[in-house]
Each structure stands twice: as C-alpha cells, then as structure tokens.
Amino acid sequence: MPPKPRDKRGADEDSSAGQSLAPALSRQSRKFANLFAIPPPVKALFDYVPVLVYPPNELPRRAPKPAKIPSLYVFSNKEDAAAGRPSFNPSCLKWQAFLNIAGVKHRLVHSSNHASPTGALPFLLPAASASTSDTSQDTYPIPSNKLVKYAEDHGASVEESSNLRYEAYQALLDQRIRSAWLYTLYLEPLNFNAVAYPLYVSSASTNPLVRASISHQLRAAAEAELLKHSSIIDIDDLYSEADKAFEALSILLGEDTWFFGSEKPTLFDASIFAYTHLLLDDSMGWKEDKLSGALRRRENLAQHQERLLVRYFGG
Amino acid sequence: MILELHVWGPAFSLPSIDPHCLAAIAYLQQAVPRGKWVLVATSDPALSPTNELPALRNGDIWIGGFRNIFHYLAQFSSGEWVLDAGLPDQQGADCIAFSSFVESHGQPLIDLSLYVSSQNYTTITRPIYNTIQAFPLPYLTPPSIRATAKQRTAHLGLSSLDVDTENGEGRREPSIIPESLRKPKPTVSNLLAASPETNSQIRLSALATTLFEPLQKLKGKKRYLVSDTHFSSLDCLALGYLSLILVPDLPQPWLAQTMRSNFPDLAAWTEELGESIFGGPVDVSDALLSKGKADTKPIRTSEKGKGSLPWAAPYNGGIIGVGRVFLSSIGDSIPIVGQLRRNTRMRQHGGKTPGDELQTSSSWQTLTTVGSVISAVGLVLGYMFHQGVISLPSSEESEKQGSNTADLNAFGDAGAALSIYANRMDAETQRQRAIGQQLGHGAPVAEVDVDVDVKRDLVTITEK
C-alpha cells in the first residue's frame, strides 16, 4: 500500500515538470527534496490532527479593557500622549492631525512599532461597541491606510480632493521631502545624536547594547530606504530637491488658507503639517537645520502650519 | 571643450535602455547646441562619481545623475542652456511636482515589466545587455539590476510575476499542512494561472492607470505637458519613462497594451515626440560605431540630418578596463564587502570632515571589537569542551540525555514530538527514584543510584 501515493506523486511531477522551462533541473531538485519528505503513513496519521479545535481562549483579566473611545497608538511619550500633543513621528502625526480635522474623538496611547499588528504605527483600536455580541469583529485594530474609511463610517465628512495635481504633489511629499527627512533625521550624525536618539532610542531601553542595536537598525533602515531609489546617497541633491519641493508647495498654496483652495483642511494638509510642524517645532532641537531653514523661507507654509496647530491642536 | 554624455547603450530602437539616460539625452538634444556635445554609449556606471549613468564629462570633471547634469549645464553655460527658465511660477511648480510623480510611479512599472516579469526578462531584457556591454559584464549587471528592481517593487505584492522563485516553494508547502486545516483550492484562479501576468492583470493595469491618468489630464490639449510652447525638463523625464513603457516589444505586453488602449492620446504624443527628439530608430551598431562601419559613418549622419544623435565611439579601456569594472562589480555583489564599499562611496561624496565621522563610528567600532572578542573566546571555550580539555561535573548525564534525543531527531517532525515524551519519561523515573530514596531503603538503593546522582549517594552514605 505505502508505495502507491508516492507513485501518484511522481506521475504528477512528471506532467508538471514537462510544462516548466527547465524540466530536468527542477525534477532533480524535487527528487532531492523527496528524501526529506514525511513518510506517507506518518503523514496520513498527521492528517487527522488536530482532532478537535477549541474556540480561542478569553483574554486574561489583566488585559486592557476596550475603552469607551477609540485609541490611536503613536510614537510619543507619556505626558504628550495624555495631553494630546502632536506626535514626533511624521506618519503618526499625519493621521493624528487627520482624525482631529475629521472630528473623530480619540485618545492617544504612546507605543512602539512592536505593538502594532502590521509592524508600523499608527493604528487605531476602535471603541468597544454597545452590543457585545460581535466584539471580536469590531475590535480589530485598524491600520493607517484604512483610517479614512473608518472616519467616513463614523460620521465624519471627509473631502477628497479630485484635483489632477493632488497625486503629483503627494508624490513630491512622499519622495523628495521624505527622503530629505530620513537623511536629516537618521543619517546626519549631529541630528541623530541630538534629536532621534533621545526620541526613538533612549526611550525604548536603558540597556546600552540594546540601544546600540536599535540605533544601528534605525540608521541602516534609513540608508536602505534611500539607496532603493539611487545608487548613492547624494546629500546635496537630497537637500536641493527638498528645497525645490518646498518652493513648489509654497507656490501651490499661494494665498489660500488650505491646499487646493478647499473650505476645510484635507488629508493633504494633514500630511504637509506632519513634516512642517516637526521641522518648525523648536522643541525638537535640530542641530543641522538646512531642511528647516529651507522651510522657514517659505512664509505661507509656516503660516499654514501655525493655522493648523492653533485650530486643531489647541495651540 | 566638447561635453561627453555617457549613457547605458541602446535598446528597443531607443538610444538607451535606462529612463534617466533617455531623459538626459532629450535634455541635451534640446538645450545644448549641436556640435557642443557628443553621446557615448559606455554602459559602465563605475565611471561617474555617483556610480550611476547618465554621467557628463567635461575634461576632468565628471557629473553623475541626471538632475546634477541639468544643474551643471545651467552653471556651465551661465544660465543659457536651461529648459525650465521661462516657465511661469505655477507651471514651474507643476514641473517639479510631476517630475517626482513620474519618477516615483514610472520606475516600478518599468521594473515590473522589464525586469521582474520572468518571461520578459529572460527573453528580451537580459539578452540586450549582451549587445551593449563587453564580454564578462553581462553576467553581473542584469541580475544586479533585477535584484534592485525586485526590492523596489516588493511593497506592491506582485512578486508572483517572477516565476523562478515561486515554483519551488508553492508546490511543497501544502503537503506539510494537515488536510483538516487546508483551505479549499480556488479552482477558477487555477485556470487563470496559466500566466502570472493574466493572474494579476487587474492590479497591474490599475497601477499603470495611476501614472497615465494624471499625465493625460495635465497635458490636455497642450503641445507639451505643462506648457503649449515650452519644452521643459518634465517633458524629457516623461519621454524617457513613457517611451520605455510604450516602445519595447515584449512577450508579456500588458503595460504597452494598457497605455495604447486606454490612453491613445498619450501614446501618440510619446511616439511623435520620441521620433522628433531621438531621430528615428537607433541601432546598436549606430551607437557603438563598430569598426567595420567606421568609414561609412560620417556619410550616414549627414544623410539623416538634424534629427540624429551625435554618437561617439565608446572607449572602455580594453581588457584591463573591462577587468577592473568586472572585479569592482563582483566586489559590490559580495554581502559584507559590497556594503563597506557602498558606505565609503557615500562618505566620499558627502564630503564630511573626518572629525564628524570619528565620533559616531568609534562607538560602533568598539562595539564590534567587543563583539568579536566575545565570540572568539566563546569559540575557544567551545572547542575545549568538545575536545574534553575542560568538562562540567555533570557532563556524563547530560551527554547521555543528549544522545537520547539526538537519536529521535533523526525521525524529523515526529521525532521532535516524541522527544518531548522521552524527556518527560526520564524526568519521571528520576523523580520516582528520588521518592524511593526518601522512603529510606538501605544500602542497595544507594548502589543502584551511583550512576544517576553521585551527590545524593554521598548524602545517604553520610546519613548512614
């Protein structure tokens, strides 16, 4: 009996290998793999396992209870999170500003990447629903790319600009300004030691080995991200492109209150604010301020940041 | 002084295989007067300081990267050879924004269509490098370009286009998962899986549309993208990307098809502009000026007239030059060495003062030294244990247990499960023996226990 399934599998292989481009080679490697395969009788036994699947266990008592209002997990520290002050991470700040603009009530929880199911912050843990029947579906964390839909579902009116320039200027922000930001924060040694180290590294651990490893990881990740788009990190090019990008954004904004001449700030305003606020914020303590200097020269962008800060973060 | 523009060699009847090189060619063709520059199909990125092509050479000065070239040209001609000079504010801003947009949305498309898609890569793209590079280099360049392309497109989740990696894993995986936990097989998509391109057709064309639609809208009825009269740097860049999307004749033509069927205006514009800028189809022998044709060449250029490009024969330094490039690209592809080489490249170009560097790198250096010392000591200790120079007091017992489980390991997964039972049984017997001892049997028990637990025997002996 035992040889039978193996024969069948062999026949299967032959027909499929015949279709592929390099039949001889793949057949060879698969034969080699068969040496390590589980013997058929053992596999047949294992196919019955698990005999019974229990429902998932309940959470332990000490697990945090779902709150009455949704919580947004961001990079921050305890006091700032409690006071609802802006996060120091651009992508967290973008969504924090978006939720504030959309009027979705939430509380901030200071956290790190390791807490997130997707491996990236921010994410939103929805409030516990009144009907406890379908809690499991309702309390799944919402990653940042689904936040717009969440805000729409919860009664906020989200205006999406249909302007043809929207995509292009978004690319300008995601490419040029983000690259310059990555360089100036992580790879510029002065700024890394003065700004990024206290925020991301020393807050995470007190162990010097862990700190060294985290800071090395951060810098390596930033470098890898920049090297994806060019074969070399050309610092002058990064800064001059960011300067041009701010110039273009400043022209786009012109005399308007919000971008694309809309009545209310949109997601685009929030994503601009995420960078402009952090670059203009004096408490960040930039040591090498080429990038923030380039931004300060564009007065209307600085005013735009001020306006958003006052209106949606209470000053 | 005649400027030399060094680029990747021609492909698909276009003057270069790289979108940035095409953009630079278009820019120089429009901005710099004829006779002031020549085009060299070097296909050797190691020439330029930023290790990328296009690179511009003016005597001893090398400028790498197309944006740097534009800046340098503006400086060099004191503001004369600039395309974007006369644009009004709003159009200038659009030009900057859309340049970044074309780059960030066009690059993944070209990566997917020319490099990641297995069929296109093996039948078309890889063979092209044989024609534009000297002998040993085509073994290294295309795979490394493909690896970067895969990295850049990894976040799109379209790696299924690359058939080579999928074949092996996909087949073995289901057999390990038990029947009761397996998902039912989607039969319809199995039928569609004849080609991975058809499988992800919807996502691919959606991805392509995000690039084409805003460009089409921006152009509208104008002659060029941002202005009706002004040929800008954005047009150069868009021309570079769009012609590499449109022109190649590939076995999996999803990208060109999407563009032709959904955005016919943009396709027509690209073809027309390409024709007038690049001056008709370019052949490899045109660019490399192969020796046999050298004497007929001057006649041909004059025949073609204004449209054709000012090609000059590449000089690659003979066997020594090719060997140097070969070795340096091998160096880049070795994991740790390549990383070090890249790091030094960034520092050299960054022009940082050595003092800055010392501070940050010294902490890292001490860390690596400490780490290597620890691991060396560990190795020596491990070796001594292995040779039996030092031994722990309870080494005999642990060895016995170790051999037990090692035997079970030979059974693979099942063995792992069984070894847990084995260990537990061992523990159980030990406990029972211990209980037996507590009950206070006499000397014979102590004799039995000798090989199990020497210490306890001593205790019982002293008790007696």
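Residues numbered from 1 in each chain as written. Chains lettered and ligands numbered in written order. Predicted model: local features only at pLDDT ≥ 70, side-chain atom pairs only at ≥ 80, totals over all residues. Heavy atoms only, no water.

UniProt, in its Subcellular location (unreviewed entry) section for chain B, records the words "Mitochondrion outer membrane". (UniProt positions renumbered as here; feature names shortened; annotations may be inferred.)

Under an unreviewed UniProt entry, the name given to chain A is Mitochondrial outer membrane protein (Sam35), and the source organism is Venustampulla echinocandica.

A count of helical and extended segments in chain B gives 21 helices and 5 strands. Residues counted as buried form 40% of the 464 residues belonging to chain B. Restricting to contacts in chain B with at least 6 residues of sequence separation, those with at least 24 account for 69%. Working note: accessible area of chain B is about 25700 Å², and carbon and sulfur atoms make up 59% of it. (Helix = DSSP H or I, 4+ residues; strand = E, 2+ residues; numbered from the N terminus. Buried < 20%, exposed > 50% of the residue type's maximum accessible area, 1.4 Å probe, protein only. Contact = heavy atoms within 4.5 Å. Areas by Shrake-Rupley, 256 points an atom, 1.4 Å probe, with all protein chains shown as cover.)

Across its full length, chain A carries 14 helices and 4 strands. When the 315 residues of chain A are sorted by exposure, 43% land in the buried category. Taking the intrachain contacts of chain A between residues at least 6 apart in sequence as the baseline, contacts between residues at least 24 apart amount to 68%.

Now for the pairing of strand 4 (residues 61-64) of chain B. All names here are of chain B. Bridging between strand 3 (residues 55-58) and strand 4 involves 4 bridges; their strand directions are antiparallel. Residue pairing for strand 4: Leu-56 is matched across the bridge by Ile-63. Count of turn residues in the strand 3/strand 4 antiparallel hairpin: 2 residues, of which Gly-59 carries a positive phi of about 65 degrees. (Pairing = 2+ DSSP bridges.)

Residue and element names in this part refer to chain B. Pairing within the open sheet is mixed, and its 5 strands lie in the order 4-3-1-2-5. Two strands close off the open sheet at either side, each with one partner strand: strand 4 and strand 5 (311-312). Relative to strand 5, strand 2 (residues 37-40) runs parallel, the two being bridged by 2 bridges. Residue pairing in the sheet places Leu-39 in a bridge with Trp-311 of strand 5. Together, strand 1 (3-6), strand 2 and strand 3 form the strand contacts of helix 1 (residues 19-31), whose direction differs from that of strand 2 by roughly 160 degrees. Sheet strands touched by helix 2 (residues 66-76): strand 1, strand 3 and strand 4. Its angle to strand 3, the strand with the most contacts, is close to 30 degrees. (Axes fitted to C-alpha atoms, helices over the stretch in contact; angles between N-to-C directions.)

A separate point is the pattern of salt bridges. One pass over the structure, following the stated rule, counts 19 salt bridges over all chains. Close ionic contact of Asp282(A) with Arg296(A) constitutes a salt bridge, the shortest N to O distance being 3.7 Å. Placement of Asp282(A) in the loop between helix 12 (267-280) and helix 13 (290-296) and of Arg296(A) in helix 13 is noted, with a sequence separation of 14 residues between them. In this structure Asp282(A) comes out as exposed when scored by relative accessible area, which is 63%. With a relative accessible area of 44%, Arg296(A) lands in the partly exposed category. Its salt-bridge partner being Arg260(B), residue Glu271(B) comes within 3.1 Å of it at the nearest N-O pair. Here Glu271(B), found in helix 12 (residues 264-278), pairs with Arg260(B), found in helix 11 (residues 254-262); they are 11 residues apart in sequence, far enough to count as distant. Connected via shared salt-bridge partners are Arg176(A), Asp237(A), Glu241(A), Lys244(A), Arg67(B) and Glu103(B). (Salt bridge = Lys/Arg side-chain N within 4 Å of Asp/Glu carboxyl O.)

A few words on the sheet that holds strand 4 (residues 142-143) of chain A. Across the sheet, which stays open at both edges, the 4 strands sit in the order 2-1-3-4 (chain A) with mixed pairing between neighbours. With partners counted over all chains shown, the strands left at the sheet margins are strand 2 (107-110) and strand 4 of chain A, one partner each.

Before going further, it helps to examine the environment of Ser329(B). Relative to the assigned elements, Ser329(B) resides in helix 15 (residues 318-333). The contact partners of Ser329(B), leaving out residues within four places of it in the chain, are Leu137(B) and Leu140(B).

Within this structure, the stated rule accounts for 23 aromatic pairs over all chains. With centroids separated by 5.5 Å and ring planes inclined at 80 degrees, the aromatic side chains of Trp95(A) and Phe98(A) adopt a geometry described as edge-to-face. Residue Trp95(A) and its partner Phe98(A) are located together in helix 5 (residues 90-102), separated by 3 residues, close to a single helical turn. The exposure classification of Trp95(A) matches that of Phe98(A), with both residues buried. Judged by centre distance (5.5 Å) and plane angle (80 degrees), the ring pair of Phe66(B) and Phe70(B) falls under edge-to-face. Here Phe66(B) and its partner Phe70(B) are both found in helix 2, 4 residues apart, which amounts to about one turn of the helix. Site record: aromatic cluster; members linked through ring pairs are Phe75(A), Phe88(A), Tyr186(A) and Tyr200(A). The ring centre of Phe192(A) lies 4.9 Å from the NZ or CZ of Arg219(A), which sits over that ring. The ring of Trp258(A) carries the charged tip of Arg307(A) above its face, separated from the ring centre by 5.9 Å. (Phe/Tyr/Trp six-rings, centres within 6.5 Å; stacked < 30°, edge-to-face > 60°. Lys NZ or Arg CZ within 6 Å of the ring centre and 35° of its normal.)

Moving on, we come to the packing of helix 1 of chain B against helix 2 of chain B. Residue and element names in this part refer to chain B. The N-to-C vectors of helix 1 and helix 2 enclose an angle of 15 degrees; their axes lie 10 Å apart at closest approach. Compared by their axis directions, helix 1 and helix 2 come out roughly parallel. Classified by chirality, the crossing of helix 2 by helix 1 is right-handed. Side by side, helix 1 and helix 2 meet where His-20, Ala-24, Tyr-27 and Leu-28 of the first sit next to Phe-66, Ile-69, Phe-70 and Leu-73 of the second. Of the residues assigned to the contact of helix 1 with helix 2, the class counts are 7 nonpolar, 1 polar and no charged. (Parallel < 35°, antiparallel > 145°, perpendicular 65-115°, else oblique. Left-handed = near helix turned anticlockwise from the far one by under 90°. Nonpolar A, V, L, I, M, F, W, Y, C, P; charged D, E, K, R; others polar.)

Residue and element names in this part refer to chain A. Split into domains, chain A comes out as domain 1 (61-133) and domain 2 (166-313). Each of domain 1 and domain 2 has a C-alpha centre, and the two are 22 Å apart. Taken together, the contacts link 15 residues of domain 1 with 20 residues of domain 2. Carbon and sulfur atoms make up 79% of the area that domain 1 and domain 2 hide from each other, which totals about 1500 Å². Contact with domain 2 buries surface across domain 1, with Phe-88, Pro-90 and Ile-101 losing the most and accounting together for 45% of the total. (Domains from an automatic or database assignment. Buried area = accessible area lost by both parts, 1.4 Å probe.)

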